[in-house]
Amino acid sequence: MYTVETFDLTKHYSGGKVKALTNCNIRVEEGRIFGLLGPNGAGKTTLVKTLLGIIHPTGGSAKVLGQPITDYHIHNKIGYLAENHRFPEFLNARQILLYYGKMSGLSKETLSRKIPELLELVNLSDWADVKTHKYSKGMAQRLGLAHALINDPDLIFLDEPTDGIDPVGRKEIRDLLLKLRTEGKTIFLNSHQLSEVERISDEIAILKNGNVLQIGRVDDFISVKSQYQLQIQNGTLSFSELCAGLNIPVLQAEDHYTVTVEDERHLNRLIDKLRAEKVLIKSIVPRKITLEDYFIDVIEEGEAL
Ligand SMILES: Nc1ncnc2c1ncn2[C@@H]1O[C@H](COP(=O)(O)OP(=O)(O)O)[C@@H](O)[C@H]1O
Ligand SMILES: [Mg+2]
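Residue positions within a chain follow its written sequence, with the count starting from 1. All chains are assigned letters beginning with A, and all ligands numbers beginning with 1, in the order in which they are written. It should be noted that, the model being predicted, local features are given only for residues of pLDDT at least 70 and side-chain atom pairs only at 80 or more, the latter also being counted only at that level, while totals for whole chains, interfaces and linings use all residues.

### Thoughts on the environment of H147
In DSSP terms, a helix is any run of H or I states spanning at least four residues, a strand is any run of E spanning at least two, and both are numbered starting from the N terminus. With respect to the element layout, H147 can be found in helix α4 (residues 137-148). Spatially, the C-alpha atoms of H147 and A93 are 9.3 Å apart, while their sequence positions differ by 54 residues.

### Here we look at the nonpolar core
Within the largest apolar cluster, 61 residues are counted, with the highest numbers of intra-cluster contacts made by I187 and F188. No other element matches α4, which puts 5 residues into this core. We call two residues in contact whenever the C-beta atoms placed from their backbones are within 7 Å. Setting aside residues no more than four positions away along its own chain, F188 makes contact with V4, V28, F34, L36, V48, L155, I156 and F157. In terms of nonpolar packing, the next biggest core, distinct from the first, is built from 5 residues, Y228, I248, V259 and L270 among them. The nonpolar core criterion groups buried Ala, Val, Leu, Ile, Met, Phe, Trp, Tyr and Cys residues into a set whenever they are joined through C-beta atoms within 7 Å. Exposure criterion: with C-beta atoms placed from backbone coordinates, a residue whose C-beta has 20 or more other C-beta atoms within 10 Å is buried, one with 12 or fewer is exposed, and one in between is partly exposed.

### Considering the environment of S136
Counting through the fold element by element, S136 comes out in the loop between α3 (108-121) and α4. With 12 C-beta atoms packed within 10 Å, S136 lands in the exposed category. It is 9.8 Å that separates the C-alpha atoms of S136 and G169, two residues lying 33 residues apart in sequence.

### A few points about the packing of helix α2 (residues 93-103) against α4
Helix axes use the C-alpha atoms of the stretch in contact, all axes being lines fitted to C-alpha atoms, and the angles between their N-to-C directions lie in the range 0 to 180 degrees. Running from amino to carboxyl end, α2 crosses α4 at an angle of 30°, the nearest separation of the two axes being 10 Å. Judged by the angle between their axes, α2 and α4 are roughly parallel. Classified by chirality, the crossing of α4 by α2 is right-handed. The segment α2 lies against α4, with A93, I96, L97 and Y100 engaging L143, A146 and H147. The class makeup of the residues in the contact of α2 with α4 is 6 nonpolar, 1 polar and no charged. Throughout, the term roughly parallel applies to angles under 35 degrees, roughly antiparallel to angles over 145, roughly perpendicular to angles from 65 to 115, and oblique to all others. Left-handed describes a crossing whose near helix is turned anticlockwise from the far helix through less than a right angle; right-handed describes the clockwise counterpart. Residues are grouped as follows: Ala, Val, Leu, Ile, Met, Phe, Trp, Tyr, Cys and Pro are nonpolar; Asp, Glu, Lys and Arg are charged; all remaining types, including Gly, are polar.

### What to know about the sheet that holds strand β14 (residues 257-261)
A strand pair is defined by DSSP finding two or more bridges across the two strands. Spatial ordering of the open sheet is given by β13-β14-β12-β15, a layout of 4 strands whose pairing is antiparallel. Two strands bound the open sheet, and with one partner strand each, they are β13 (250-252) and β15 (280-287). On average, adjacent strands in this sheet sit at an angle of 25° to one another, irrespective of strand direction. Examined bridge by bridge, β13 and β14 share 3 bridges and lie antiparallel to one another. When the sheet's bridge partners are listed, V250 is paired in β14 with V259. Sheet strands touched by helix α9 (residues 264-276): β12 (226-233), β14 and β15. Its angle to β14, the strand with the most contacts, is close to 135°.

### Focus on the pairing of strand β11 (residues 211-217)
Strand direction decides the pairing type here: strand β10 (residues 203-208) and β11, joined by 6 bridges, are antiparallel. Bridge pairing in β11 places I206 opposite Q214. Remark: 2 residues form the turn of the hairpin made by β10 and β11, two consecutive strands paired antiparallel; N209 in that turn has positive phi of roughly 45°.

### Considerations on the domain arrangement of the protein chain
Those domain boundaries reflect an automatic or database domain assignment. Domain annotation of the protein chain identifies domain 1 (4-221) and domain 2 (225-288). Each of domain 1 and domain 2 has a C-alpha centre, and these two points are 45 Å apart.

### Quick look at the site of ligand 1
Each residue gets a C-beta atom placed from its backbone. If that atom is within 6 Å of a molecule or strand, the residue is near it. Ligand 1 sits among Y13, S14, V18, A20, G38, N40, G41, A42, G43, K44, T45 and T46. If one sorts the elements of the shell around ligand 1 by residue count, helix α1 (residues 44-51) sits on top with 3 residues.

### What about the sheet that holds strand β9 (residues 186-191)?
Pairing within the open sheet is mixed, and its 6 strands lie in the order β7-β8-β9-β4-β10-β11. Two strands in the sheet have a free side with no partner beyond their single neighbour: β7 (78-81) and β11. Strand after strand, the sheet turns through a mean of 15° between neighbouring axes, direction not considered. Where helix α5 (residues 167-182) meets the sheet, its contacts fall on β4 (33-37), β8 (155-159) and β9, and the angle it forms with β9 comes to roughly 155°.

See the structure below:
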């Protein structure tokens, strides 16, 4: 069973004029961190709100925790940190967690045990009795995480949880998410910040204009193409003349060339050709393509799957 599974899920607003999400098919396995990446306006929030039953699809269907999204009972096992959420500023952290805990139907006894635990988890114990208008954005997000965990959910949706937070605050949130994964929770993370998702997600989907362009494990994304930096001693033929016919893209830098090849066999064909021309190869260094390079390629050139 997948924790989240969508079947051609579609959401078009304004009578079909705004195609926020079109035929989306994704699967999220239990206990994983799933990163949904895409530029602003890609449809990430629309997807999450549809999965939560906050808005209704105009096509397709989806299952969450094994049940159709129309089954409201599943919400007992889901946590949600909304994008740009705001808590009442006149309440402190303890009062906020009490308020949301009661809304989740938890008893006073359970909450008196649970609230200090959660405040400890998100490192806000010292701020428990301070009104939230004094909180930094990072603290407010950590409190948001605690609130999303109050009902001990199996699945947590986090919509841009690190947006507007400084690097230290971002690291704290990343560490927290990794810790939650070790507890077996499934995390669905929306973000337009690649570096955040790249570091912690087990699987990633890239969304653009409501279409899923790519989906897969982080490692698979990065190993799609290989790049190598080559240092050679220039002979009579130019490097691009040597590569002609091999269909290998070449970038020239001051003291080396960067070639992009499909695989190692492709690279070896290039080496054979260089050696046949008696070119002296000084070094070959593999270059890891970051997800950021890849993301930009996909977003700029991408077609729907
Ligand atoms: N309630 C709405 N009515 C009409 N259009 C909307 C509504 N909500 C979002 N949109 C549009 O749908 C598209 C996707 O938005 P959204 O899901 O918020 O993207 P993201 O979260 O990736 O930034 C955007 O073009 C946005 O303007
Ligand atoms: Mg959004």
